[in-house]
Amino acid sequence: MYPPPFDYYAPSNLNEALELLSKYGEEAKVLAGGQSLIIAMKLRIVSPKYIIDVNNIPNLSYVNESDGYLRIGALTRYSDLEFSDLIKTKYPLLHEAVKHLADPIVRNWGTVGGNVCYNHPGNNLPAVMLAYNAEFVATSLSGSRVIKARDFFLGPFQTALRPDEILTEVRIPIPQPRNGGHYIKLERRVGDFAIVSTAVNLSLDYDGTVKEAGIAIGGAANNPVKVTKAEELLKGNKINDSLIKQVGKIVTEEITPAEEPFGPPGEYKKAMAGVLTVRAIKYSLRRVLGGG
Ligand SMILES: Cc1cc2nc3c(=O)[nH]c(=O)nc-3n(C[C@H](O)[C@H](O)[C@H](O)COP(=O)(O)OP(=O)(O)OC[C@H]3O[C@@H](n4cnc5c(N)ncnc54)[C@H](O)[C@@H]3O)c2cc1C
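Residues numbered from 1 in each chain as written. Predicted model: local features only at pLDDT ≥ 70, side-chain atom pairs only at ≥ 80, totals over all residues. Heavy atoms only, no water.

J.: Summarise the side chain of Asn201; cite the residues concerned and give the values.
T.: Among the secondary structure elements, Asn201 is positioned in strand S12 (residues 196–204). Given the relative accessible area of 3%, Asn201 is considered buried. Within the local environment of Asn201, its side chain forms a polar contact with the side chain of Asn179, the two groups lying 3.0 Å apart. When neighbours within four sequence positions are excluded, Asn201 is seen to be in contact with Leu93, Ala131, Tyr132, Asn179, Gly180, Gly181, Glu212, Ala213 and Gly214. (Helix = DSSP H or I, 4+ residues; strand = E, 2+ residues; numbered from the N terminus. Buried < 20%, exposed > 50% of the residue type's maximum accessible area, 1.4 Å probe, protein only. Polar contact = N/O pair within 3.5 Å; in protein donor to acceptor, adjacent residues only side chain to side chain. Contact = heavy atoms within 4.5 Å.)

J.: Outline the site of the ligand, supporting the account with residue identities and numerical values.
T.: Around the ligand sit 30 residues, and of these Val30, Ser36, Tyr78, Thr111 and Asn124 come closest. The contact in question runs from a nitrogen atom of the ligand to an N or O atom on the side chain of Asn123, over 3.2 Å. Within the side chain of Lys185, an N or O atom sits 2.8 Å from an oxygen atom of the ligand. Within the complex, 89% of the 970 Å² of free accessible area of the ligand lies under protein. (Near = heavy atom within 4 Å. Areas by Shrake-Rupley, 256 points an atom, 1.4 Å probe, with all protein chains shown as cover.)

J.: Go over helix H11 (residues 241–254), please, and point to the residues and values.
T.: The first and last C-alpha atoms of H11 sit 20 Å apart over 14 residues, in line with the 20 Å expected at 1.5 Å per residue. Looking only at H11, the buried set comprises Leu243, Ile244, Val247, Gly248, Ile250 and Val251. Viewed along the axis of H11, the buried residues span an arc of 165°, placing them on a single side of the element. Residues of H11 that are exposed and point more than 90 degrees away from the buried face comprise Asp241, Lys245 and Lys249. Those residues of H11 that are buried lie in contact with strand S13 (210–218), helix H10 (228–234) and helix H12 (266–288). (Expected span 1.5 Å × (residues − 1). Arc of directions from axis to C-beta.)

J.: Describe the pattern of salt bridges, with residues and values.
T.: As a working rule, side chains carrying opposite charge can pair if their charged atoms are close by. In the structure shown here, the tally under the stated rule is 16 salt bridges. Among the ionic pairs, Glu135 bridges to Arg171, the shortest N-O distance being 3.1 Å. In this pair, Glu135 sits in strand S6 (residues 135–140) while Arg171 sits in strand S10 (residues 166–173), placing the two residues 36 residues apart along the sequence. A salt bridge links Lys226 to Glu231; its shortest N-O distance comes to 2.9 Å. Both residues of the pair, Lys226 and Glu231, count as buried. Here the residues in one salt-bridge network are Arg145, Arg162, Asp164 and Glu165, joined through shared partners. (Salt bridge = Lys/Arg side-chain N within 4 Å of Asp/Glu carboxyl O.)

J.: For a nonpolar patch on the surface, give the residues involved together with the corresponding values.
T.: A cluster of nonpolar side chains, Ile39, Leu43 and Ile45, forms an exposed patch at the surface whose accessible area comes to about 330 Å². Structurally, Ile45 is set in the loop between helix H2 (37–42) and strand S3 (50–53). Using a relative accessible area of 62% as the deciding quantity, one classes Ile45 as exposed. (Patch = residues over 30% accessible without salt bridge, like charges linked within 9 Å, V, L, I, M, F, W, Y side chains within 5 Å.)

J.: I'd like a rundown of the sheet that holds strand S5 (residues 69–73), residues and numbers included.
T.: The strand order across the open sheet formed by 5 strands is S4-S5-S10-S6-S7, and the pairing between neighbours is antiparallel. The open sheet has two free edges, formed respectively by strand S4 (63–66) and strand S7 (143–148), since each of these has just one partner strand. For this sheet, the mean angle separating the axes of adjacent strands, direction not counted, is 25°. For S4 and S5, the ladder comprises 4 bridges, and the chain directions are antiparallel. For Ser66, the partnering residue across the bridge sits in S5 and is Tyr69. Against the sheet, helix H1 (residues 14–24) contacts S6 and S10, and its axis sits at roughly 120° relative to S10. (Pairing = 2+ DSSP bridges. Axes fitted to C-alpha atoms, helices over the stretch in contact; angles between N-to-C directions.)

Structure below.
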């Protein structure tokens, strides 16, 4: 199926792209990896009159640590993170999430920015960014603003980005020492979208007290869920099996599943969110203690 006709622009710098967005507003769409947008256009779910391809804009693809943050340019491909030693060793939660995303072709094209901007309920990265307390840098002709992950994801396929803004950077606070994380995705077949996914990020003191806890669930509901009640229960407490069990119970209670006509029942997704989170906390702990 072909999409309806559109005008195509491939600006060579950010300012040009922002001018086009400011001019065309909601009639325009940014094209990054194209792995969701092109499909949505072919299915006529969206029919933008103007496409602004950002692939020729320099300096939108990078991965580095500076000023307390891991900084990822919005145009960075999943495969850049999958094969980055920095991500593999220091950000295992993010590494697992990109490693278990679709197939190698999608990973070579799809971008970090596109993944969070699209905010498909089954996408891997929204939950990961909530667990990391990431921040998003949105740029328009009037400058840049920073949006915290918890304020970014507004609903299925909806974010806090304005139509005149381009997401330019995703940044994750550099983890404290004794940090570990884990991502688990329940999928029908390898490469499918998540039925339920869980993202856990933990930092512990030397006596086993939880200093930092990030927990988020993807897939199960219409929007990724940051389970703050479970995070609060962990923070400041010494970690043990009974505490982890309580966290699993809270996660199950906090999820309001999206009922799909041909999908698994909501009660199953709720239960699995709890089970997977318990498992992910245990894996994260193993990483903190150097065994993961
Ligand atoms: C077969 C297949 C399987 C898949 N499986 C998974 C999976 O298991 N998990 C998963 O997470 N994803 C999966 N995906 C989706 C994939 O990750 C997409 O790449 C992602 O949803 C969008 O990223 P993109 O770079 O391709 O963005 P595009 O498709 O180019 O854009 C998506 C949306 O984001 C907007 N956008 C993109 N970049 C910016 C920006 N910098 N600023 C503002 N707006 C922007 C676009 O305007 C558009 O609305 C799959 C896709 C396919 C084709």
